[in-house]
Amino acid sequence: MPAPASTADAMTSQPERIRAALLSAIEGGTLQPGDAVDEKELADRFGVSRTPVREALLTLAAQHLVRIVPRSGIHVHAPAPSELIGMLEALSEVEAVVARLCALRMDPKQRERMRRLADATRKAAARGDRHAYEAANEGFHDTLYEGCGNEIVVEQVRQLRLRLAAFRRRVRDQPGRLQSAAAEHDAVVAGIVDNDPERAAQAMREHIIAKGRAFADLLWVPANGGGAGRR
């Protein structure tokens, strides 16, 4: 006999609740690349058996967000530099598609919201208010994703951005990065507002590529003895 609807729904939601909590912890930085994930602790915290925990972890492993190594444990995936560079290259091209489609498809209300949010990132960056910058930045990109009108492309972008979450936080911590990123937003906005899809796409590529250059600086500084390599 099938389980009652309420019970079946609860059972179905258990892996999703655990997955969502882990995603939030990874994206928010509570769980850092390389951190161990305790299967038993998760089961105890959510009051479930280990089965839904394993289901959630297998889903995250398929998304390359955790690594499950037999007899070695479960850890938040820590991508190698070559993997990070590959993801940035992919993100720059897919985000460029978003910007190009926005120049072709965005309606006036979306364009106005985009301009307001780009302005908000600039003002927050000038104040050095990282929290306000991140909120405005998320809204800015979400407006682009809505305006591009292509859910398949947006799905790919969101997945790449999630996999790059820890890296993106480190890059934003670099002195001057918020200000330069806000200026890069202005270039994207200008291309979209001028109905110039190729200029909008190239501005977005340069925005993402700038993160890659910042990443190279992050790698270079420790290799040259602490602060000696800072510019």
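Higher on the page you've got the structure.
Just so it is clear, the structure is predicted and the values come from calculations on it, not from any experiment. (Residues numbered from 1 in each chain as written. Predicted model: local features only at pLDDT ≥ 70, side-chain atom pairs only at ≥ 80, totals over all residues. Heavy atoms only, no water.)

S.K.: Just to check I follow, could you spell out the pairing of strand E2 (residues 73-76) for this structure?
M.R.: Only one face of E2 is covered, namely the face carrying Ile74 and Val76; the face carrying Gly73 and His75 is uncovered. Of the pairings in the sheet, the one linking strand E1 (residues 66-69) to E2 comprises four bridges and is antiparallel in character. The residue of E2 that forms the bridge with Val69 is Gly73. In sequence, E1 turns back onto E2 through a hairpin of three residues, with Arg71 there showing a positive phi of about 65°. (Buried < 20%, exposed > 50% of the residue type's maximum accessible area, 1.4 Å probe, protein only. Helix = DSSP H or I, 4+ residues; strand = E, 2+ residues; numbered from the N terminus. Pairing = 2+ DSSP bridges.)

S.K.: How should I be thinking about the pattern of salt bridges in this particular structure?
M.R.: Close approach of charged atoms lets side chains of opposite charge pair. Applying the stated criterion across every chain, the model contains 18 salt bridges. Linking Glu16 and Arg19 is a salt bridge whose minimum nitrogen-to-oxygen distance equals 2.8 Å. Of this pair, Glu16 and Arg19 both sit in helix H1 (residues 5-28), three residues apart, which is roughly one turn of the helix. One salt bridge in this structure joins Asp186 and Arg122, with 2.9 Å as the shortest N-O distance. Of this pair, Asp186 sits in helix H9 (residues 177-193) while Arg122 sits in helix H5 (residues 108-127), and the two are 64 residues apart along the sequence. Here Asp186 falls in the partly exposed class, since its relative accessible area comes to 27%. A residue is classified by how much of its surface remains accessible, and Arg122, at 35% relative accessible area, is partly exposed. (Salt bridge = Lys/Arg side-chain N within 4 Å of Asp/Glu carboxyl O.)

S.K.: Hey, could you run me through the environment of Leu160 in this one?
M.R.: Along the chain, the position of Leu160 falls in helix H7 (residues 151-163). With a relative accessible area of 12%, Leu160 lands in the buried category. Separated by 70 residues in sequence, Leu160 and Ala90 have C-alpha atoms that sit 8.1 Å apart. Excluding residues that lie within four positions of it along the chain, Leu160 makes contacts with Met87, Ala90 and Leu91. (Contact = heavy atoms within 4.5 Å.)

S.K.: Would you take a moment to explain unusual backbone geometry for this structure?
M.R.: Negative phi is the rule for most residues except glycine; trans is the rule for most peptide bonds. Within the chain, Arg71 stands out as a residue other than glycine whose phi angle is a positive 65°. For Arg71, the position within the fold is in the loop between E1 and E2. Of note in the backbone geometry, Asn195 takes a positive phi value of approximately 55° without being a glycine. By the element assignment, Asn195 lies in the loop between H9 and helix H10 (197-223).

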